[in-house]
Amino acid sequence: MDKLNENVREKKHIKLGEIDSGPILVALLLGFIAVAIFVILRRRSAGRRDFLLTGLCESGKSAIFMQLLHGKLPETFTSIKENVGDYQAGGHSSVRLVDIPGHYRVRDKCFDLYKHKAKGIVFVVDSVTVQKDIRDVADTLYTILADSATQPCSVLVLCNKQDQTTAKSAQVIKSLLEKELHTVRDTRSRKLQSVGDDDVNKPVTLGKPGRDFEFAHISQNIQFVESSAKEKELNTLTDWMGRLM
Ligand SMILES: Nc1nc2c(ncn2[C@@H]2O[C@H](COP(=O)(O)OP(=O)(O)OP(=O)(O)O)[C@@H](O)[C@H]2O)c(=O)[nH]1
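Source: prediction; values computed, not measured.

## Quick notes on helix α4 (residues 134–145)
Over its 12 residues, α4 extends 16 Å from the first C-alpha to the last, a length consistent with the 16 Å expected when each residue adds 1.5 Å. All buried positions along α4 are accounted for by I134, V137, A138, T140, L141, Y142, I144 and L145.

This is the structure in structure tokens:
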């Protein structure tokens, strides 16, 4: 009888040993995967120090650039070339600020030159004309967000010209854009299906397929804030940059 009990106990031990090793292996595997993801993400964001000001023509990018770097508003002119300068926020080392021209003929080419070094992308919106221009604004923003090179970036949608009484709030602009980006995504995915695309430059499909487009579903960290370059109210932008520097 004693021998029988001992045998049962032995068997139990063997079984317990077998069951116990499973969770340990799973935990080790999960740990390994977590470390690998951390290393990959670190590598992807390493060397990214630039902040890019982008958006449609006349949204106020050059005004913001000049206010931040020189404390003054520039004469009105359409940029055809980027403005580049060093910006320093209290206590931080300086970063490169690049004002990308809004004109469609130069915008994408210029953006492509700087996107791989970008840590933060500031998408400037004219809060007065945004509703009228919503198709163009959404199309331009979609191109930026769907670019695989911008996936590690933080994105700030800066709703500028808030000194104007007809300016839409950041909250309204966010929901206008959410609706329009849904349409842009549909149009683009239909085009992709008919044309086909090479795998290397394949843009990312934004949000969750089959669901309404929501900014909460994209991989970039995106925030919406308000500003007025004219009134030098740019704290929302400088605070955001300070947090990333
Ligand atoms: N009322 C108001 N006007 C602004 C503000 N920011 C810029 N502007 C004006 O908007 C116009 C366009 O500003 P820019 O800074 O040249 O616009 P941009 O985005 O650089 O335009 P592109 O160079 O064509 O890409 C200018 O007349 C600015 O003075 C603002 O916060 N409030």
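Past the structure itself, the notes keep going.
## Concerning the side chain of D147
Relative to the elements of secondary structure, D147 occurs in the loop between α4 and β5 (154–160). We classify D147 as buried; its relative accessible area is 15%. Among the polar contacts made by the side chain of D147, one reaches the side chain of K115 at a distance of 2.8 Å. The contact partners of D147, leaving out residues within four places of it in the chain, are F111, D112 and K115.

## Brief notes about the site of the ligand
Every one of the 21 residues lining the ligand counts as a neighbour, but K61, A63, S79, D163 and A229 are closest to it. Interatomic distance of 2.8 Å between a backbone N/O atom of G102 and an oxygen atom of the ligand. K161 is positioned with one of its side-chain polar atoms (N or O) 3.1 Å from an oxygen atom of the ligand. For the ligand, whose accessible area on its own is 650 Å², the fraction buried by protein is 89%. Ranked by the residues each element gives to the shell around the ligand, the list is headed by helix α2 (residues 61–70), at 3 residues. When its residues are assigned to classes, the shell around the ligand shows 6 nonpolar, 10 polar and 5 charged.

Procedures and definitions
Residues numbered from 1 in each chain as written. Predicted model: local features only at pLDDT ≥ 70, side-chain atom pairs only at ≥ 80, totals over all residues. Heavy atoms only, no water. Helix = DSSP H or I, 4+ residues; strand = E, 2+ residues; numbered from the N terminus. Expected span 1.5 Å × (residues − 1). Buried < 20%, exposed > 50% of the residue type's maximum accessible area, 1.4 Å probe, protein only. Polar contact = N/O pair within 3.5 Å; in protein donor to acceptor, adjacent residues only side chain to side chain. Contact = heavy atoms within 4.5 Å. Near = heavy atom within 4 Å. Areas by Shrake-Rupley, 256 points an atom, 1.4 Å probe, with all protein chains shown as cover. Nonpolar A, V, L, I, M, F, W, Y, C, P; charged D, E, K, R; others polar.

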